[in-house]
Amino acid sequence: MAADSEWAVIPGSRGSLSYLVKPIGDGESHAWSLAHGAGRKWSRSETRGRMRERFRLPELVQTPLGGRVICEERELLYEEAPAAYKNIVAVIHDLVDAGLVSVIATFRPLLTYKTRKARR
């Protein structure tokens, strides 16, 4: 994520908060870049297997934060499960501790629409 703007949004997963942050410092020392989100813990195929074992489909369309997920593709629901992503709180904490950002606000996902990019 570019760190040369006044504010930046760093997204969590559909099951965690997203953050509005203010980049601080000179920017040059970190190549004008910030984390662009939580990042994946597992590959998509590994996530599908892990999530099928842990969750039933209805559990993946209602998030722990009360949001709803709209997705017509069952496999994509598993691939994009919140557990597939690293802890965004830890990512933000590291950015704050490093003096790269200050947190302005948090956002709770209310509705998430998941679709796979059309293949050409």
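Residue numbers restart at each chain and count upward from 1, following the sequence in its written direction. Local features in a predicted model are, by the rule used here, given only for residues with pLDDT of at least 70; side-chain atom pairs are given and counted only at 80 or more, and totals for whole chains, interfaces and linings are based on all residues. Only hydrogens and water are set aside; all other atoms, that is, all heavy atoms of the structure, feed into the side-chain values.

Asks: Quick rundown of the overall build of the chain? Include the residues and the values.
Replies: Helix numbering and strand numbering both begin at the N terminus, where a helix is a DSSP run of H or I of at least 4 residues and a strand a DSSP run of E of at least 2. The helix and strand tally for the chain stands at 4 helices and 5 strands. Secondary structure elements of the chain occur, N-terminal to C-terminal, as β-β-α-α-β-α-α-β-β. Burial here depends on accessible area, computed with a 1.4 Å probe over protein chains only, as a share of the maximum for the residue type. Under 20% is buried, over 50% is exposed, and the range in between is partly exposed. Each of the 120 residues in the chain was classed as buried or not, and the buried ones make up 35%. Contacts are assigned to residue pairs with any non-hydrogen atoms lying within 4.5 Å of each other. Within the chain, residue pairs in contact and separated by at least 24 positions form 72% of the contacts whose partners lie at least 6 positions apart. Looking at the chain as shown, the accessible area adds up to about 7500 Å², and 53% of this sits on carbon and sulfur atoms. Method for areas: the Shrake-Rupley scheme with a 1.4 Å probe, in which residue coverage is limited to the protein chains shown.

Asks: Help me get a handle on the pairing of strand β2 (residues 18–23), residues and values and all.
Replies: Most of β2 is tucked away, with 5 of its 6 residues classed as buried. Two strands pair if DSSP finds at least two bridges between them. With 3 bridges connecting them, strand β1 (residues 8–10) and β2 associate as antiparallel partners. Within the sheet, the bridge partner assigned to V9 lies in β2 and is L20. Of the pairings in the sheet, the one linking β2 to strand β4 (residues 101–107) comprises 6 bridges and is antiparallel in character. When the bridges of β4 are listed, P23 appears paired with V101.

Purely geometric numbers; function is a separate question.
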